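Chain and residue survey
So the chains spell out like this:
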Amino acid sequence: MDLQTQIYPFIEKQLSQWSFAKKNYDNLSLIKTRTFLLPTTKIVLQFNPTRIASTGAKLDAESISKRKCFLCLQNQPAEELSMFWQDYVVQLNPYPIFPNHLVIAHRQHILQDINGHFSELLSVSEQLPNFAVFFNGINCGASAPDHLHFQAAEQNSFPLLVSYDTLGKTPFFKKNGAMTYKILGVFRTVFCIESSEIQSANFHFEYLKRQLFGTNAPMMNLLCSYSAGRWLIFVFPRKKSRPWQYEAPESQTLMVSPGTAEMSGVVVLPKEEHFQRINLEDIIDIYQQVGL
C-alpha cells in the first residue's frame, strides 16, 4: 500500500463520517497559541482543551489494567475508520494536536517498547514523506503504554524539525555513512541521527541507547522524518515522566505532560489558566526536569 497517496482521501472520508472527530479538527482553527523565540528555533504554546483526555490520563499500572485499550480495534467506535499497513493500523487521532494527526498502532496488544520496532518507525516514515512520525515511550508521554503505537503529523508541525538546518550541532558519533549529532542551545538534551540507510540508522540508534542507558530500559521520545533519501531521527532521552508542577498546589499547577510534541517545541496545555500563566523559564525548567 502506498500510504502517502491514500492518506489524505482517507482523512477526508473519516472526517465526513465521524462528527466527533470533525468537531475536534474544526476546533483546531480556534485554539489559542503563544510563541517564545529562541536563537535558533521557537517554542509554541497551545491551549487545547480536548487534549485533557491524554494530558490528564492516569498512567499507573492499576488504572491501565482497569480500562479497555482504546487502540485495540474491538474497543473502537463504529465510526472510526482504519487503513492497514504491514503489522499496523493507521487511523485519525480524534483528539488532535495537529491538523492531519495520525495514530499508527500495532495490530496486536503489545507493550509500548521501541526495542525491536525501530526499523518499523523508519519504514512508516519513508511511506509518509510529508509527515514526521513520532514515538512516546512509557513514562514519556504515552497515554497507552500498554499498546505499541506511533503517531504522525505533517513535518511543518514540529519547530525543532523545521529549524534543523539552523540549529547548533556538534558531532557525537560517525560510522557506516551515518552521523549522530548532539543539538546545542535548545535547553534540553537532544540527539539527531542522520542516515540514508535503515541499517546504519539502526546501528546508530542502538549505540546511542547503550551510551545513554546502558542495559537499562530506555526512556525516550523519538521524532523521525524522511525526505530526499535521508532520515532525520531526533532522540530525546528522558529521566522523568512529569514535572513537579503537574501535581503542585493549584496556584503553581501547570498541567504539562511532556511527550514528543512538547520535546519538539509544541507545548500543549488543556487548561487556559495554565496556558496564560506559563512562561519561558517554566518551560526550560520542565525540560530540564524530565530530560536525561
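Everything below is about the structure printed above this text.
1. Thoughts on the overall build of the chain
Broken down by element type, the chain carries 10 helices and 13 strands. Taking the principal axes of the C-alpha coordinates as reference, the chain spans close to 50 × 50 × 35 Å. Looking at the chain residue by residue over its 292 residues, the buried ones come to 56%. Long-range contacts, defined as pairs at least 24 residues apart, comprise 67% of the intrachain contacts of the chain with a sequence gap of at least 6. Counting only carbon and sulfur atoms, one obtains 51% of the accessible surface of the chain, whose full area is about 12,800 Å². Separation of charge centres in the chain, based on 26 positive and 25 negative side chains, amounts to 3 Å.

2. Here we look at the packing of aromatic side chains
Aromatic ring pairs are reported here in terms of the distance separating the ring centres and the angle at which the planes meet. This model, assessed by the stated rule, comprises 17 aromatic pairs. Seen in terms of ring centroids, Tyr-88 and Phe-150 are 5.4 Å apart; in terms of plane orientation they differ by 25°. Their pairing is stacked. In this pair, Tyr-88 sits in strand E4 (residues 88-92) while Phe-150 sits in strand E7 (residues 149-154), placing the two residues 62 residues apart along the sequence. Each of the two residues, Tyr-88 as well as Phe-150, counts as buried. Ring centres of Tyr-226 and Trp-231 lie 4.6 Å apart, and the angle between their planes is 55°; on these two criteria the pair is classed as tilted. Accessibility assignment for this pair places Tyr-226 and Trp-231 in one class, buried.

3. Details of helix H7 (residues 198-213)
Between its first and last C-alpha, H7 extends 22 Å over 16 residues, near the 22 Å set by a 1.5 Å rise per residue. For H7, the full list of buried residues reads Ser-200, Ala-201, His-204, Phe-205, Leu-208, Lys-209 and Phe-213. Summarising the contacts, the buried residues of H7 are in contact with helix H5 (118-127), strand E8 (168-175), strand E9 (178-184), strand E10 (191-195), strand E11 (220-227) and strand E12 (230-237). Downstream of H7 by one or two residues, Gly-214 has phi in the positive range, about 60°.

What counts, and where the lines are drawn
- Residues numbered from 1 in each chain as written.
- Predicted model: local features only at pLDDT ≥ 70, side-chain atom pairs only at ≥ 80, totals over all residues.
- Heavy atoms only, no water.
- Helix = DSSP H or I, 4+ residues; strand = E, 2+ residues; numbered from the N terminus.
- Buried < 20%, exposed > 50% of the residue type's maximum accessible area, 1.4 Å probe, protein only.
- Contact = heavy atoms within 4.5 Å.
- Areas by Shrake-Rupley, 256 points an atom, 1.4 Å probe, with all protein chains shown as cover.
- Lys, Arg positive; Asp, Glu negative; His and termini not counted.
- Charge placed at Lys NZ, Arg CZ, Asp CG, Glu CD.
- Phe/Tyr/Trp six-rings, centres within 6.5 Å; stacked < 30°, edge-to-face > 60°.
- Expected span 1.5 Å × (residues − 1).

In short, geometric facts, not functional conclusions.
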